Each structure stands twice: as structure tokens, then as C-alpha cells.
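Structural overview for review
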Amino acid sequence: MHEPIAHRRRPCRLRLVRAIGAAALLLAATVRAQIPVAIDKPPDAATAMKMVYGGNTWRHERAAAFFGGRSPTLRAEIREVFRGRYVESNVDKLMLVYQLTPGPRDQFRCAACVPALGAAVLAADESGRWKLRAKAQLLMPGAPGSGDEDLQLLQIDEERWILRSRRYDVDRGRESRTERLVLEREGELQLGAELGFDEKPGPLACGATAAPQTSGVSVLSPGRGPRVEIVLRFNEGACSALRAVVQRTRMELRDGRFQLEPDAPEPDDDDAPVASAPRR
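Fair warning: this is a prediction, and the values are worked out from it, not measured in the lab. (Residues numbered from 1 in each chain as written. Predicted model: local features only at pLDDT ≥ 70, side-chain atom pairs only at ≥ 80, totals over all residues. Heavy atoms only, no water.)

1. With respect to the confidence of the model for the protein
Basically, it comes down to this: Per residue, pLDDT measures the predictor's confidence, with a range of 0 to 100. The criterion used for residue contact is that any of the two residues' heavy atoms lie within 4.5 Å.
Chain-level statistics for the protein give a pLDDT mean of 85 and a share of 80% at 70 or above. For residues 272-280, every residue scores under 50 in pLDDT, and the model assigns this stretch zero contacts once sequence neighbours within four places are set aside.

Below, the structure written as C-alpha cells:
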């Protein structure tokens, strides 16, 4: 006796139902993966400071040594001076820069008072929560007079950002300027480049005979790697015989540090163009 047709077709229908169910689960998973994760609001200054330093003061031998080897019980007071948000390799990040002073900041304001700078990077995890990713609690000197720092985020290629810190000081008309480039590497923030000039005579020292003195950073087009150019303009010599100097330095990021860009290779003698004979 033959088996009913409806009964013979049941396994095919079962396989079809299972296939449809598996496809629906795959589609749902794909949709969930495509829905962007909601990123939490970045932490406020006090909360972020606690993540980096444990609070709004920091006691450490490095801080004591920076401020002249004072008592190891010295507590540096911390103030956030910069924050910038950016995206690197599809990860939301927050750059934070701090100014450290030996006690109240308002009492550390003078032409020779040099604060310290610290920095940190927070990153949003897969759940959208901000976590500490890299830090340098004491990275470099700040600007004299406890002024707000001249800080800027620079994008040097599609997947890389750095922090630019420009330091300026003037003493009796003689100017000092420094360009520093800070980058994240292996859980730390490191100084990747530092170029500048010290105590060069500016217009405040020599009047109209002195050209303005400046410094600048430009991001160059992609080549062998992320590249930048630092330009310094300063004056050399006495006020009566000043010479304006323009110094251009091109560097590329290699092994976690900006290094001088290699010179263009010299042409081989065999490949040198042959000069044509002059026309008579």
C-alpha cells in the first residue's frame, strides 16, 4: 500500500521551515550588528580626572622632582585644560590634557612659573562605556605664567590622530617657541617630536627691524607614511644686523616616533640626462 503523498512531503516541508528559521536568525543577528552602539556621554572633568589621577591632586616623586625637588609629600593640583573627541579605527576616543601646579594654580602665575602637562586618552568600549586607554600623568613642561596651553588635535592620516602642543615664552623681547607632537603608543602617550628655538630677538626687543617669529605644523599628503612639516621662523644676530631664518623640517612617523624624512636618492651616473649641445 502506497504512503500518502502528504506524508511523504513532510520532511521537505520540515527542512524548508528550518531553513527559513535559520535565515531569519541570521538576518536578525546581522541587523543587530548593524545597529550602532549608543556611546555614553563623555565623563565630566572631575570624573575623568579621577580615572587618570585618582582625584584633583597627585602626589608622586616625579611631580616633586619637576617642581625643583620639593618635599616628596608635595601634592600637585590638577586642572583640565583641553579635551577633544575623535574617531580612530572605528573607535570613539577622547583626548584629555591636564596642567599640574605645585599648589593652587592662582598662586603659580609669574613669568618664570612653568607648570607641568599630563595627558590621557579615553576610549569607548563595545558597550559604549568610556575606559582609560592611555596616559602620561606627567608628560612635558607647560607654558610659563600658568596660561591655558595652545593645544590642538591633528589628523595625520585616515586612521591616526596626534596632539599638537605649541609652547611660547618671551623674556625681555627675546622669544622662545616649541612645537611638540604627542601620540598614543602601547598604552602610553609619548612625545613623538619636539622642535623649536630659544631666546631669539623679536620685535619687542629690536623694534621694526625684527621680523615676526612664528612656528607652525602642516600635515603633508600621504606617502611612505604619515608625514608632517614643522616650520620655524626666527631672527639671528644683533638688532643692528638681524638675519631672518626660515627652517623647514619634514618628518615621517616610523616606529612610533617622528623621524627626519629620508633625502631623495641621488640619480645614478648612468641614468643622468645628457646635456644637449648649445645652439650656434
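2. Focus: the side chain of Arg 105
Worth spelling out the cut-off: We count a stretch as a helix when DSSP gives it H or I for four or more residues in a row; a strand needs E for two or more, and each element gets its number in order from the N terminus. Identification of polar contacts relies on pairs of N or O atoms within 3.5 Å, with a donor-acceptor requirement for protein atoms, meaning one able to donate a hydrogen and the other able to accept it, and with residues adjacent in sequence counted only if both atoms are side-chain atoms.
With respect to the secondary-structure elements, Arg 105 resides in the loop between strand E3 (91-101) and strand E4 (116-124). Here Gln 99 takes part through its side chain, which lies 2.6 Å from a polar atom of the side chain of Arg 105. Discounting residues that sit within four places of it in the chain, Arg 105 has contacts with Glu 77, Arg 79, Gln 99, Ser 146, Gly 147 and Asp 148.

3. Considerations on the nonpolar core
In a soluble, globular protein the nonpolar side chains are often hidden away together inside. The following threshold applies: Residues grouped as a nonpolar core are buried Ala, Val, Leu, Ile, Met, Phe, Trp, Tyr and Cys residues, joined through side-chain atoms within 4.5 Å. For every residue, the accessible area obtained with a 1.4 Å probe (protein chains only) is divided by the maximum for its type, and the residue is called buried under 20%, exposed over 50%, and partly exposed between those limits.
In this structure, Tyr 53, Trp 58, Ile 78, Tyr 98 and Leu 100 are the most contacted members of the largest nonpolar core, which totals 22 residues. Contributions of two or more residues to this core are made by helix H3 (45-53), strand E2 (76-88), E3, E4 and strand E5 (130-141). Excluding residues that lie within four positions of it along the chain, Ile 78 makes contacts with Met 49, Tyr 53, Gly 55, Asn 56, Thr 57, Trp 58, Tyr 98, Gln 99 and Leu 100. Within the second largest apolar cluster, 17 residues are counted, among which are Phe 82, Met 95, Val 97 and Ala 134.

4. A word on the state of the cysteines
Note the following rule: Whenever a pair of cysteine sulfur atoms sits within 2.5 Å, that pair is classed as a disulfide.
For the coordinates displayed, the defined rule picks out two disulfides. Here Cys 110 pairs with Cys 113 through a disulfide, and the sulfurs are 1.9 Å apart. On the S-S bond that ties Cys 110 to Cys 113, the torsion sits near 100 degrees, and the link is right-handed. On the basis of relative accessibility, which here comes to 11%, the residue Cys 113 falls in the buried class. The disulfide that involves Cys 206 links it to Cys 239, with 1.8 Å between the sulfurs. Between Cys 206 and Cys 239, the disulfide has an S-S torsion of -60 degrees and is therefore left-handed. Placement of Cys 206 in helix H5 (residues 203-206) and of Cys 239 in the loop between strand E11 (227-236) and strand E12 (243-254) is noted, with a sequence separation of 33 residues between them. Cysteine pairing for the protein, with bonded cysteines counted in sequence order: 1-2, 3-4.

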